[in-house]
Amino acid sequence: MIISWNITKACQLKCRHCYRDAGTKEADELTPAEGLGLVEQIALAGFKILIISGGEPLMRKDVYELIAHAKKHGMRPVLGTNGIMIDRAVARKLKEAGLTRAGISLDSTNEAVHDDFRQDVGSWKGSIAGMKACKDEGLDFQIHTTVTTYNYQDVLKITDMAVSLGAKAHHIFFLVPTGRGKDLEAVIPSNEYQSLLKQIMKKQLEVQIELKPVCAPQFVPLAQDMNQPTRFTRGCLAGVSYCCILPNGDVHPCPYFPIKVGNVRDQKFSLMWKDHALFKELRDGDYNGNCGGCQHKTSCGGCRARAYAETGNYMDFDPECIY
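Quantities reported herein were computed from a predicted structural model and do not represent experimental measurements. (Residues numbered from 1 in each chain as written. Predicted model: local features only at pLDDT ≥ 70, side-chain atom pairs only at ≥ 80, totals over all residues. Heavy atoms only, no water.)

A. Structural view of the pairing of strand 6 (residues 169-174). The buried fraction of strand 6 is high, at six of six residues. Alternating residues of strand 6 divide into Ala 169, His 171 and Phe 173 and His 170, Ile 172 and Phe 174, and every residue in both groups is buried. Bridge count between strand 6 and strand 7 (residues 210-214): five bridges; the pairing is parallel. The residue of strand 7 that forms the bridge with His 170 is Leu 211. As for the winding sense of the linkage, the β-α-β connection from strand 6 through helix 7 (residues 190-204) to strand 7 is right-handed. (Buried < 20%, exposed > 50% of the residue type's maximum accessible area, 1.4 Å probe, protein only. Helix = DSSP H or I, 4+ residues; strand = E, 2+ residues; numbered from the N terminus. Pairing = 2+ DSSP bridges. Right-handed = clockwise from strand over helix to strand, strands pointing away.)

B. Region of the structure containing the sheet that holds strand 2 (residues 49-53). With mixed pairing, the ten strands of this open sheet are ordered in space as 7-6-5-4-3-2-1-8-9-10. Looking at which strands have only one partner, the edges of the open sheet turn out to be strand 7 and strand 10 (262-263). Sheet analysis places strand 5 (residues 141-147) next to strand 6, joined by five bridges and oriented parallel. Bridged to Thr 146 within strand 6 is Phe 173. Sheet contacts for helix 1 (residues 32-44): strand 1 (2-6), strand 2 and strand 8 (242-245); angle to strand 1, the most-contacted strand, approximately 165°. Each of strand 5, strand 6 and strand 7 touches helix 6 (residues 155-165); the most contacted strand, strand 5, lies at about 170° to it. (Contact = heavy atoms within 4.5 Å. Axes fitted to C-alpha atoms, helices over the stretch in contact; angles between N-to-C directions.)

C. Inspection of the environment of Ala 223 at higher detail. With respect to the helices, strands and loops of the structure, Ala 223 is situated in helix 8 (residues 219-225). Through-space distance from the C-alpha of Ala 223 to that of Thr 145 is 20 Å; in sequence the pair is 78 residues apart. Those residues in contact with Ala 223 that lie beyond four places of it in its chain are Met 201, Gln 228 and Thr 230.

Structural data, given as structure tokens:
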């Protein structure tokens, strides 16, 4: 099971698509002591991978302590970052704390396109420098790309770049219109969505690093239809084997699914994960519309966040579904 904890909203960038609308630290984020307790609750609930993200997580001073605590409690801590703050000293400190991998954002092979999307001149160079620092210090890293109308034709070139830079994986996030992304009319059309998924599946046969579409659950049945081996058995994990915790302790089914399940200050997270009605509803998988009768509903699940963003009903059909 995988969980994502956005440990802060502080960030030096103002990315056009940011689901968390990050930028300024909020006064009510969990304290260092509360954070350590939350890590223990996450481990108690049975999660094996803890994604520490933001905002920019490296802007929170206790990030190294949180990483070490997750490692101590038997989890695999990984980081979601823009990479700008990572130099060799930071990469070394992350590795010493127990970080197993850094996920660094890169949205184009074109520096100007990336910098415009991230709204910061120099951010492309900063991300690349962060990757090189990780490699120099022996810290595994992977590249994260958000797919939009701005860059979808560049995605597989970014994969080639990931290989050349020494990345272990390229995770390709399909835009869900939430946060600042609600005002960004950049979701690629359904035909391009289907085409790119097929291209990614074919590209996986050509490269040694892992390619994973994210917020594109149809990739699992598509891989099966193409007789292509994949270690993934289900597309949408929201509320099933994945959820997200916000800086103030609010719990959501996923970062792109803005419905509050509860708050870890009011209830133990391990109990919330086990018993909450919304999580149980998502696990039951009694979907509406085409998703409800689809032969792939257990391997795909449809994107619940996209269904909610487009229809207002998280159990409705996924409007971008290629099936």
